[in-house]
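Here is how the chains run, residue by residue.
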Amino acid sequence: MGRTLWVLAVALGVTLGACRTVPAVPPSAADVAEASGTWRATATDADKQRIRGWYTSWQAALADARAKGHGADVEREGALLHPTAALPNAHLPAGDYRCRTIKIGAKGRGGLGYIAYSWFRCRVAVEQGLSSLTKLTGSQRPVGLVFPDNLERQIFLGTLELGDEKMAVNYGSDRMRDMAGLIERIGDNRWRLVLPAPAYESLLDVIELVPAD
């Protein structure tokens with residue numbers, strides 16, 4: 001069964017707007033997750049490499065940001081941007097979250113080394129043995145599934161939804177849209193999604209997640 005099937009869990013039937021919800025996982029997606037057992041059986045080779053190289057990507061991103069005068073911005077965020085700040089029990093509970101993205105480092109020499117966005121809305125939902133994570137608002141919206149890995153991290157595999165698009169592309173069908181990252185707990189009711197080597201703009205994206213009020 002192809003690895004693209006599991007993305008149907010969050011890619012089909014999703015509409016934009018205030019009442020946007022994450023649909024249930026169809027049997028095909030659940031079968032893939034159950035048969036694979038781990039995220040490694042689902043991830044593309046490129047995304048496995050991104051996960052393996054997370055620390056190198058993080059160091060390169062921080063170096064670029066600091067070289068461009070954003071050292072104080074990085075330090076101000078504390079644990080959020082510290083690569084080894086992960087705490088035990090990485091499980092991200094189902095519910096609605098406030099989320100904000102920080103882009104660190106730039107792919108081009110003239111690009112911005114640090115961009116911090118305001119808060120948007122994200123949602124985590126239980127999906128037949130796994131969880132889905134969906135950014136509900138904003139012009140760049142990660143959409144995907146959360147896989148178990150170890151005590152200090154979970155793995156996110158998904159795709160990037162852009163602009164006014166009403167559904168995400170299938171995972172594995174467009175390498176420029178595929179996303180892979182680490183979900184880690186960095187405090188009481190505080191998590192981050194770390195996306196090393198994203199396809200666009202930055203060297204590393206970090207999305208902070210805190211439960212919505």
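Provided above is the structure to which this section pertains.
Right, let's walk through the structure included here. (Residues numbered from 1 in each chain as written. Predicted model: local features only at pLDDT ≥ 70, side-chain atom pairs only at ≥ 80, totals over all residues. Heavy atoms only, no water.)

1. Some points on the overall build of the protein chain
Helix and strand content of the protein chain: 5 helices and 9 strands. Here the protein chain, with 213 residues, has 51% of them falling under the buried criterion. Taken as a whole, the protein chain presents about 9500 Å² of accessible surface, with 55% of it coming from carbon and sulfur. (Helix = DSSP H or I, 4+ residues; strand = E, 2+ residues; numbered from the N terminus. Buried < 20%, exposed > 50% of the residue type's maximum accessible area, 1.4 Å probe, protein only. Areas by Shrake-Rupley, 256 points an atom, 1.4 Å probe, with all protein chains shown as cover.)

2. Structural notes on the pairing of strand S9 (residues 202-211)
A large share of S9 lies buried, amounting to 8 of its 10 residues. Direction of pairing for strand S8 (residues 190-196) relative to S9: antiparallel, over a ladder of 6 bridges. For Arg192, the partnering residue across the bridge sits in S9 and is Glu208. Hairpin connection from S8 to S9: 5 residues lie between these consecutive antiparallel strands, with Ala197 at a positive phi of about 50°. (Pairing = 2+ DSSP bridges.)

3. Remarks on the packing of aromatic side chains
In total, this model carries 3 aromatic pairs according to the counting rule given. For the ring pair Trp54 and Tyr55, a centre distance of 5.5 Å and an interplane angle of 85° mean the geometry is edge-to-face. Of the aromatic side chains, those joined through ring pairs into one cluster are Trp54, Tyr55 and Trp58. Above the plane of the ring of Trp119 lies Arg98, whose end atom (NZ or CZ) is 4.1 Å from the centre. (Phe/Tyr/Trp six-rings, centres within 6.5 Å; stacked < 30°, edge-to-face > 60°. Lys NZ or Arg CZ within 6 Å of the ring centre and 35° of its normal.)

4. A look at the nonpolar core
Core analysis: the largest hydrophobic core is formed by 27 residues, its most contacted members being Leu81, Ile104 and Leu157. Mapped onto this core, the elements with two or more residues apiece are helix H4 (54-67), strand S1 (95-106), strand S5 (140-150), strand S6 (153-162), strand S7 (178-187) and S9. No other element matches H4, which puts 5 residues into this core. For Ile104, the residues in contact, after removing those within four places along its chain, are Ala61, Leu62, Ala65, Leu81, Gly113, Ser202, Leu203, Leu204 and Val206. (Core = buried A, V, L, I, M, F, W, Y, C linked by side-chain atoms within 4.5 Å. Contact = heavy atoms within 4.5 Å.)

5. Examining unusual backbone geometry
Within the chain, Asn189 stands out as a residue other than glycine whose phi angle is a positive 55°. You can call Asn189 exposed: its relative accessible area is 52%. Even without a glycine there, the phi angle at Glu201 is positive, about 65°.

6. Considerations on the side chain of Glu208
Take Glu208: it is sitting in strand S9. Under the relative-accessibility criterion, Glu208 is labelled buried at 5%. In this structure the side chain of Glu208 is engaged in a polar contact, spanning 2.8 Å, whose partner is the side chain of Arg190. The contact partners of Glu208, leaving out residues within four places of it in the chain, are Leu80, Arg98, Cys99, Arg100, Trp119, Arg190, Trp191 and Arg192. (Polar contact = N/O pair within 3.5 Å; in protein donor to acceptor, adjacent residues only side chain to side chain.)

7. Observations concerning H4
With 14 residues, H4 ought to run about 20 Å at 1.5 Å a step, and its terminal C-alpha atoms sit 20 Å apart, in line with that. Among all positions in H4, only Trp54, Ser57, Trp58, Ala61, Leu62, Asp64 and Ala65 are buried. The arc that holds the buried residues of H4, viewed along the axis, is 165°, so those residues lie on one side. Among the exposed residues of H4, those oriented more than 90 degrees off its buried face are Thr56 and Ala67. Immediately downstream of H4, the backbone of Gly69 shows phi near 90°, a positive value. (Expected span 1.5 Å × (residues − 1). Arc of directions from axis to C-beta.)

8. Section: the pattern of salt bridges
Counting across every chain of the model gives 14 salt bridges. A salt bridge links Lys103 to Glu201, with the nearest nitrogen and oxygen atoms 3.3 Å apart. Taken together, the positions of Lys103 in strand S1 and Glu201 in the loop between S8 and S9 put the pair 98 residues apart, joining distant regions of the chain. For Lys103, a relative accessible area of 6% gives the class buried. Classification of Glu201 as partly exposed rests on a relative accessible area of 44%. Salt bridges sharing partners connect three or more residues here, namely Glu77, Arg100, Arg190 and Glu208. (Salt bridge = Lys/Arg side-chain N within 4 Å of Asp/Glu carboxyl O.)

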